[in-house]
Amino acid sequence: MKESPAELERLVEIVTSEVYRRLQAPSDSTDASPTNCGEPNCATPSGGDCSGCVAKKTEIVQTMLNEGAVRFSSADGTKPLHGQIASMIDHTLLKPDASSDQIKKLCEEAAQYKFATVCVNSSNVGLAAKLLQGTGVKAIAVVGFPLGASTPASKAFETLESIREGAAEIDMVINIGALKSKDYKLVFDDIKSVVDAAGAVPVKVILETSSLNADEKIIGSALSKAAGAAFVKTSTGFAGGGATVEDIRLMRRIVGAEIGVKASGGVRTFEDAQKFIEAGANRLGASASVEIVTGQKTSGKGY
């Protein structure tokens, strides 16, 4: 897909207008039909089919999660189970001074608690991939992290290197300066260079939402989807702000059901995880993953 700057500018105008139209439209999820089972948040009409209910069919849901499913249809406000959340978490260690022993511990925890992945810097992804062999847990490498200010070619090269080292997913940082400068061609080409380099490997685009205004969040999400990203993601955790419920809802409205939304930065408790999933996230990035799934208290610090 080759777009000229003028074409991309027009695309952004159309997308922005359409998103704002959707945001202003009344919600269509106001079904007041009698509930079928009496469970809180049940939206199945009386006499309806409960076969797809995540609250009543937990065994089926868990089997599907184990097979790789990441999102389910349910009534608005349905609350996820503790066991389901583990398989939606990217267990994360992105500190620049992370040691090999810390990476080993990260991978052991991920295997023990059945997290979806571990997310590490590209220099550590080879070790993580080796340690995770046979566990069913994938390794993720971050690219252009944490600033996003490197060139498209360097991000593409880092992507190729990471995949050769064993990365099964790539989390790249968007070019924040280009987005703020309204250089949408550079933003698009930057994302597309990583998506093309990754091939069949899914790419998540980190928007750094705490640094963006509403229009920039909308445009960044729209360009990520247009460039072929598999997910949009809120934050690096290094910019002084993390995920918010409002941002997750906005991003989900922009990208629709076709691609994923990852909440990262500030996800430290089960309640945090729950509220982000209810808002539309289907992946979570956290360093407090063990505390989230076990209910332990955290120090309030970390990713």
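Structure: see above.
Worth saying up front: this structure is predicted, and the values here are computed from it rather than measured. (Residues numbered from 1 in each chain as written. Predicted model: local features only at pLDDT ≥ 70, side-chain atom pairs only at ≥ 80, totals over all residues. Heavy atoms only, no water.)

Visitor: It is not clear to me how the side chain of Asn-124 should be interpreted in this structure. Could you clarify?
Guide: With respect to the helices and strands, Asn-124 occurs in the loop between strand 2 (117-121) and helix 5 (125-131). On the basis of relative accessible area, Asn-124 is assigned to the buried category, the value being 14%. Residues within four places of Asn-124 in sequence aside, it is in contact with Ala-98 and Ile-103. (Helix = DSSP H or I, 4+ residues; strand = E, 2+ residues; numbered from the N terminus. Buried < 20%, exposed > 50% of the residue type's maximum accessible area, 1.4 Å probe, protein only. Contact = heavy atoms within 4.5 Å.)

Visitor: Even after reading the chapter, I still don't get the nonpolar core, so can you show me in this structure?
Guide: Nonpolar side chains in soluble globular proteins generally cluster together in the buried interior. Val-118, Phe-276 and Leu-284 are the most contacted members of the largest nonpolar core, which totals 69 residues. Broken down by element, the residue count for this core peaks at 7 residues, all from helix 8 (residues 184-198). In this view, Val-118 contacts His-91, Leu-106, Cys-107, Ala-110, Ala-128, Leu-132, Val-137, Lys-138, Ala-139 and Ile-140; residues no more than four positions away in its chain are not counted. (Core = buried A, V, L, I, M, F, W, Y, C linked by side-chain atoms within 4.5 Å.)

Visitor: Looking at this model, I keep getting lost on unusual backbone geometry. Mind explaining?
Guide: Leaving glycine aside, a negative phi is the common case for residues, and trans is the common case for peptide bonds. Residue Pro-146 follows Phe-145 across a cis peptide bond; omega there is 0°. Considering the arrangement of structural elements, one finds Pro-146 in the loop between strand 3 (138-143) and helix 6 (152-165). Look at Lys-114: it is not a glycine, yet its phi comes out positive at around 60°. Note that Lys-114 resides in the loop between helix 4 (100-113) and strand 2. A relative accessible area of 55% places Lys-114 in the exposed class. One non-glycine residue with positive phi stands out, namely Glu-208, at about 60°. Residue placement: Glu-208 occurs in the loop between strand 5 (203-206) and helix 9 (214-226). Judged by relative accessible area, Glu-208 falls into the buried class, the value being 2%.

Visitor: Sorry if this is basic, but what is going on with the pattern of salt bridges here?
Guide: Pairing between side chains of opposite charge can happen when the charged atoms of each approach one another. This model, assessed by the stated rule, comprises 16 salt bridges. A salt bridge links Arg-283 to Asp-90; its shortest N-O distance comes to 2.8 Å. Of the two residues, Arg-283 sits in strand 8 (residues 283-286) while Asp-90 sits in strand 1 (residues 89-93), which places them 193 residues apart along the sequence. In terms of burial, Arg-283 and Asp-90 fall into one category: buried. In this structure, Asp-171 and Lys-233 form a salt bridge, with 2.8 Å as the shortest nitrogen-oxygen distance. Of the two residues, Asp-171 sits in strand 4 (residues 169-173) while Lys-233 sits in strand 6 (residues 231-233), which places them 62 residues apart along the sequence. Each of the salt bridges in this network shares a partner with another, and the network as a whole consists of Asp-90, Glu-169, Asp-171, Lys-204, Lys-233, Lys-262 and Arg-283. (Salt bridge = Lys/Arg side-chain N within 4 Å of Asp/Glu carboxyl O.)

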